[in-house]
Every structure is written in structure tokens, then in C-alpha cells.
Amino acid sequence: METIMRKELDYFWVGKEYGGRQSLLPDFIMRFAGCAAVTACDSLIYMTLYKNKKDLCPFSTDELRGRDYVNFFKTVKPYLRPRFGGVNRLEIFVDGFKRFLKEHGQTALEVLPWSGNNTEKNTVDTIKRQIDRGFLIPYLLLHHQNPAFENYEWHWFLLTGYEEKPDGRFMVKAVTYGSFEWLDFAKLWNTGYNRKGGLVLLQDSVS
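Residues numbered from 1 in each chain as written. Predicted model: local features only at pLDDT ≥ 70, side-chain atom pairs only at ≥ 80, totals over all residues. Heavy atoms only, no water.

## Description of the overall build of the protein chain
Point 1. Within the protein chain, the regular secondary structure consists of 6 helices and 10 strands.
Point 2. Radius of gyration (C-alpha) of the protein chain: 16 Å, near the 17 Å computed for a compact globule of 207 residues.
Point 3. The burial tally for the protein chain puts 50% of its 207 residues in the buried class.
Point 4. Once local pairs closer than 6 in sequence are excluded, the contacts in the protein chain between residues at least 24 apart make up 64%.
Point 5. Here the protein chain has roughly 10500 Å² of accessible surface; of this, 49% comes from carbon and sulfur atoms.
Point 6. Between the averaged position of the 28 positive side-chain charges in the protein chain and that of its 25 negative side-chain charges there is a distance of 5 Å. (Helix = DSSP H or I, 4+ residues; strand = E, 2+ residues; numbered from the N terminus. Rg over C-alpha atoms; globule rule 2.2 N^0.38 Å. Buried < 20%, exposed > 50% of the residue type's maximum accessible area, 1.4 Å probe, protein only. Contact = heavy atoms within 4.5 Å. Areas by Shrake-Rupley, 256 points an atom, 1.4 Å probe, with all protein chains shown as cover. Lys, Arg positive; Asp, Glu negative; His and termini not counted. Charge placed at Lys NZ, Arg CZ, Asp CG, Glu CD.)

In C-alpha cells form, the structure reads like this:
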């Protein structure tokens, strides 16, 4: 019997939603253009719950009420507001996330861009290393030629797991829109366009 290697991180619920759901935010603009801020917000909640970064947000349980999530989201929103063209570069996310960390007294965390121009193989190794260490991964996808990824175009979301199939396929668990889905990573990463997004890597600082 062939063995399937699967690794999934723990996560949290907002009411009946698996993580934050952009369409439920009270701010009209953020409902349609707030994916970067939602991704940052969910990353901070995860880091608080599962990586012992207690100063980042006020939650201590993996079951949150919607109004509590929204109130915390409002504190994250100023760091990654929508703008003309969107948060369409890794560096914009990295800079905003770093500012939030610094202003909330968290200096023991590295935030690094991983360009979409990196090879698929090196990126697979990086994803496995991050997930194995217990770090979720913010992901920016710009345009994609495969219509199967239409819902992920020009969008920030999170990777919270991976699976290595017996047939050699590498699958990733994508979390967004209050739910999750397993995606074929080779198809996801190879967008068919020269301009690419990429990953944001969160790591404990080396002192």
C-alpha cells in the first residue's frame, strides 16, 4: 500500500467560517479589495495561537466570534490598505507586516519575500520546510493562464499544509474565503506569465 505524506497546520474558526472571510467584512472596499489585509490578519491570529507570539492579537482560542474578528481586523487594515493596482508586490505586504510587528513589540520574527521567479523545485522544498516548522505561508497570485485558478487571480491567500501524492504530485492546502481547498502546486506555481507573485516566509529570528 502506497503511503501519502500529508502535513496540515492547526487553524481557527470565525463563527462557521474556516478563518477570516473577506466578503463578511463591514467595510465595502475591504470586502472586494482587502485580501492582503485579511491574509495578514489571519497570519497574526495564527502566530498568536500556535507560535506563542502573544502580543500580536487578543485571542486565546481557535473559535472566534465574527465581531471580535472584525474589531481586530480594523487594527490590521491601516498597514495593508487597498491601493491603486492592489497590494501587487511581495515587498508591499512585507513592509506593512513588519511595521505591524514592530509597533506591537514583536522583534523576534523575520518576514522575507520569496519571488515567484524561483524554481518550482526550490519552492516545494521551501514550502515543506516552512510547514514542517509550523509556519503558514502568505501567497500572492497575480494573473494565471489556467482558468481553474480564476478565484485566486490577483489575490492573497494562505498555505497551511502540503501533501505528496504517490503519483508525484505535490498538493498544497490553500485557505481563503472562509474555507480551504487542495491545489496542484505545479499548476498553481507555473502561471504562464512573466510577472509573478510569490510567497512571504515567516521565520523566527536568529539571535
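## Overview of the packing of aromatic side chains
Point 1. Applying the stated criterion across every chain, the model contains 17 aromatic pairs.
Point 2. An angle of 20 degrees between the planes, with centres 4.8 Å apart, marks the rings of Tyr139 and Phe157 as stacked. One end of the pair, Tyr139, is in strand S6 (residues 137–141); the other, Phe157, is in strand S7 (residues 155–164), with 18 residues separating them in the sequence.
Point 3. On the basis of relative accessible area, Tyr139 is assigned to the buried category, the value being 1%. (Phe/Tyr/Trp six-rings, centres within 6.5 Å; stacked < 30°, edge-to-face > 60°.)

## A few points about the packing of helix H2 (residues 35–50) against helix H4 (residues 90–103)
Point 1. The N-to-C vectors of H2 and H4 enclose an angle of 40 degrees; their axes lie 11 Å apart at closest approach. Overall, the two elements H2 and H4 adopt an arrangement that is oblique. At the point where H2 passes H4, the crossing takes the right-handed sense. Contacts between H2 and H4 involve Ala36, Thr39, Ala40, Ser43 and Leu44 on the former and, on the latter, Phe93, Phe97, Phe100 and Leu101.
Point 2. Across the contact of H2 with H4, the residue classes tally to 7 nonpolar, 2 polar and no charged. (Axes fitted to C-alpha atoms, helices over the stretch in contact; angles between N-to-C directions. Parallel < 35°, antiparallel > 145°, perpendicular 65-115°, else oblique. Left-handed = near helix turned anticlockwise from the far one by under 90°. Nonpolar A, V, L, I, M, F, W, Y, C, P; charged D, E, K, R; others polar.)

## Points about H4
Point 1. Helix length check: H4 (14 residues) gives 20 Å between terminal C-alpha atoms against 20 Å at 1.5 Å per residue, within 8%.
Point 2. Among all positions of H4, only Leu90, Ile92, Phe93, Val94, Gly96, Phe97, Phe100 and Leu101 are buried.
Point 3. In the core, the buried residues of H4 are packed alongside H2, helix H3 (66–76), strand S5 (109–115), S6, S7 and strand S10 (198–204). (Expected span 1.5 Å × (residues − 1).)

## Some words on the sheet that holds strand S2 (residues 13–14)
Point 1. The 3 strands are arranged S3-S2-S4 in an open sheet whose pairing can be described as mixed. Of all strands in the sheet, those bounded by a partner on one side alone are strand S3 (17–18) and strand S4 (63–64).
Point 2. Two strands pair when backbone bridges link them, and S2 and S3 are joined in this way by 2 bridges, in the antiparallel orientation. Following the sheet pairing, Trp13 is matched in S3 by Tyr18. (Pairing = 2+ DSSP bridges.)

## Quick word on the state of the cysteines
Point 1. This structure, assessed with the given rule, holds 0 disulfides.
Point 2. We note that Cys35 lacks a disulfide partner, and the nearest cysteine sulfur, in Cys41, lies 13 Å from it.
Point 3. Of all cysteine sulfurs in the structure, the one in Cys41 sits closest to Cys57, which takes part in no disulfide; the separation is 7.7 Å. (Disulfide = S-S within 2.5 Å.)

## A look at the packing of H2 against H3
Point 1. Close contact between H2 and H3 brings their axes to 9 Å; oriented N to C, the two are set at 110 degrees. Taken as axis vectors, H2 and H3 run roughly perpendicular relative to one another. Crossing of H2 against H3: the hand is right-handed. Where H2 approaches H3, its residues Ala37, Val38, Ala40, Cys41, Asp42, Leu44 and Ile45 are matched on the opposing element by Tyr69, Phe72, Phe73 and Val76.
Point 2. Tallied by class, residues from the contact of H2 with H3 come to 10 nonpolar, no polar and 1 charged.

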